[in-house]
Amino acid sequence: MKYYQPRQNISFAACPFSLFSMPAYLLNRFSLTICFRFCFVFFSFLFLVLSQALAQHQPAVGANQFPQYRQISGLAGGGYGLDQTGRSSLSGPTAFSTPIAYVLGHDEFRLGVSSESFDSAPNWGANHANGKGLVSYGHTFGQFNIMATDLFKSHTLDQAYNLQVGIIPLRNQQPGFSLGIQDITGTGGSAGEGLPTDRHSSQSVFAVTTYRIATRRRPIYVTAGIGTHRFAKAFASASYQFLKPLRGWIEQDGWGFNEGILLTGRTGRGRTSTEFSANVGLIRGRYFTFAVGIGF
C-alpha cells in the first residue's frame, strides 16, 4: 500500500522575500532605521544639552582662569564712577572687573554686592549664580589716594584683600596713573574651587592709566593696563555718560568683552551725601550680571 504525504500549502508570508511579505519586511527595516536615527539624534542632543549645562555651572573655570576675579573687581571704579580727585562721581570713568586709574580717597566708603548668572537670564540662587560682596575705603595723603578693599568672593564669605595707590592728576586733561595688588595674600584661588590648580598663587600686581577725551557734549574715558597673573593678558575699558543718570561701559578683561549700563543717583550734598548705583551687564556677552552699591 502506498502512502502519500499530504501536500503542504505554501505560504508566501513565510518567505521574507516573497511578494506579499516584502512591504512588511521593508516597513520593519525602515522603522528600525528611523528608530536608530532618532535615538542617535536624541542622545546626541541630550549630551550637548548636558555638556552646556555643566559648562554653565562654571563659566570661567580652569587653570589660571581666575574665575573669582572676573566679576565685580573690588578695585577702583569697579561698578561705580570716580572723578580724578578720587571722589565718587555721577559722570566719571567706570569699569567692572578691571580697575581704572582714579582711586577712591577722602575717607569715602563703598559697599557693594553682585551676582553673575550661569547663563544670560537673571538668577540669584547659589546653584545658578556666583555672588560677590565688597567693602572699600579710600584715604588721601597729599597728592596720593590709597584704597583698601575686602572682597567677599562667594556666599560662604571667603575673602581676598586688594590695595591700590593712585596719583591725583594736577590738571583736568592729565592722565591718571595708579598701581595696585589684587589678592594680596595670593590664596584666593586661580582656577575654581575643588581643582588642584586652584592652589596656585592668585596675587596679581598691575599698573593702569586712565585718560579723559574731551568731546562736544561729554567726555569719554579710556583706560588701559597690564600686570601679572590675573592681568597678564592686559586689559582696557571705556565709559561714557550718554544721559545724566546713565553711563555705558565696555571692557576687555583679557579673556573677552564685558559690557553694561550703570545707573547712579545721589542724596544730600557735600560730606553728608550718599550715592547709590545699579549695574546691569553681560560678562563675555553671555552671562548676565547685576550689581548694586552705595557710597558715602
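Up top is the structure.
Presented here is a report on the structure given in the accompanying data block.

Parameters at a glance
Residues numbered from 1 in each chain as written. Predicted model: local features only at pLDDT ≥ 70, side-chain atom pairs only at ≥ 80, totals over all residues. Heavy atoms only, no water. Helix = DSSP H or I, 4+ residues; strand = E, 2+ residues; numbered from the N terminus. Core = buried A, V, L, I, M, F, W, Y, C linked by side-chain atoms within 4.5 Å. Buried < 20%, exposed > 50% of the residue type's maximum accessible area, 1.4 Å probe, protein only. Contact = heavy atoms within 4.5 Å. Pairing = 2+ DSSP bridges. Axes fitted to C-alpha atoms, helices over the stretch in contact; angles between N-to-C directions. Patch = residues over 30% accessible without salt bridge, like charges linked within 9 Å, V, L, I, M, F, W, Y side chains within 5 Å. Areas by Shrake-Rupley, 256 points an atom, 1.4 Å probe, with all protein chains shown as cover. Salt bridge = Lys/Arg side-chain N within 4 Å of Asp/Glu carboxyl O. Phe/Tyr/Trp six-rings, centres within 6.5 Å; stacked < 30°, edge-to-face > 60°. Lys NZ or Arg CZ within 6 Å of the ring centre and 35° of its normal. Lys, Arg positive; Asp, Glu negative; His and termini not counted. Polar contact = N/O pair within 3.5 Å; in protein donor to acceptor, adjacent residues only side chain to side chain.

1. Quick look at unusual backbone geometry
A positive phi angle, close to 60°, is found at His106, a residue other than glycine. Phi is positive for Arg284, close to 55°, though the residue is something other than glycine. Within the element layout of this structure, Arg284 appears in the loop between strand S11 (274-283) and strand S12 (287-295).

2. Here we look at the nonpolar core
If you look at the biggest cluster of nonpolar residues, it comprises 13 residues, and the most contacted ones within it are Tyr69, Ile72 and Phe96. Among residues more than four places away in sequence, those in contact with Phe96 are Gln71, Ile72, Ser73, Gly77, Gly78, Gly79, Trp249, Glu251, Asn279, Ile283, Thr289 and Ala291. With ten residues, the next largest nonpolar core counts Ala95, Ile100, Tyr102 and Leu104 among its residues.

3. Overview of the sheet that holds strand S7 (residues 220-227)
The sheet built from twelve strands closes into a barrel, its strands ordered S1-S2-S3-S4-S5-S6-S7-S8-S9-S10-S11-S12 with antiparallel pairing. Going across the sheet, the axis of each strand differs from the next one's by a mean of 20°, ignoring polarity. As judged from the nine bridges shared by S11 and S12, these two strands associate in the antiparallel manner. When the bridges of S12 are listed, Phe276 appears paired with Ile294.

4. Observations concerning a nonpolar patch on the surface
Residues Phe141, Phe144, Ile146, Tyr161, Leu163, Val165, Ile167, Phe177, Leu179 and Ile184 make up a contiguous nonpolar surface patch of roughly 830 Å² in combined accessible area. Counting residues per element, the ones that place at least two in the nonpolar patch are strand S3 (144-152), strand S4 (159-167) and strand S5 (176-182). No other element matches the four residues that S4 contributes to the nonpolar patch. Within the fold, Tyr161 resides in strand S4.

5. Structural notes on the packing of aromatic side chains
Summed over the entire model, instances satisfying the criterion amount to six aromatic pairs. An angle of 20° between the planes, with centres 5.7 Å apart, marks the rings of Phe109 and Phe296 as stacked. Residue Phe109 is found in strand S1 (residues 108-117), and its partner Phe296 is found in the segment after S12; the two are separated by 187 residues along the sequence. Overall, the relative accessible area of 41% leaves Phe296 in the partly exposed class. Between the aromatic rings of Phe231 and Phe235, the centroid separation amounts to 5.2 Å while the plane-to-plane angle is 55°, which identifies the pairing as tilted. We note that Phe231, like Phe235, is buried. Ring pairs connect the aromatic residues Phe109, Tyr137 and Phe296, which therefore count as one cluster. Just above the ring of Tyr80 sits the side chain of Arg110; from NZ or CZ to the centre is 4.3 Å.

6. Considering the pattern of salt bridges
By the definition in use, this model includes four salt bridges. For Arg110, the salt bridge is made with Glu275, and the minimal N-O distance between the two is 3.2 Å. Taken together, the residues Arg110 in strand S1 and Glu275 in strand S11 connect sequence positions 165 residues apart. Taken as a pair, Arg110 and Glu275 share a single burial class, namely buried. A single network of salt bridges, built from pairs that share partners, joins Arg110, Arg266 and Glu275.

7. Thoughts on the environment of Ile181
Of note, Ile181 is situated in strand S5. What makes Ile181 partly exposed here is its relative accessible area of 26%. Measuring from C-alpha to C-alpha, the distance between Ile181 and Tyr161 comes to 8.5 Å, with 20 residues separating the pair along the chain. Residue contacts for Ile181: discarding those within four places in its chain leaves Tyr161, Asn162, Leu163, Gln203, Ser204, Val205 and Phe206.

8. Quick word on the side chain of Lys132
Structurally, the position occupied by Lys132 is in strand S2 (residues 129-141). No salt bridge is formed by the buried Lys132. Its closest oppositely charged neighbour is Glu116, at 6.5 Å. A distance of 2.8 Å separates the side chain of Lys132 from the backbone oxygen of Lys153, its partner in a polar contact. Beyond its immediate stretch of four places on either side in the chain, Lys132 contacts Gln68, Gln71, Ile72, Gly112, Val113, Ser114, Phe152 and Lys153.

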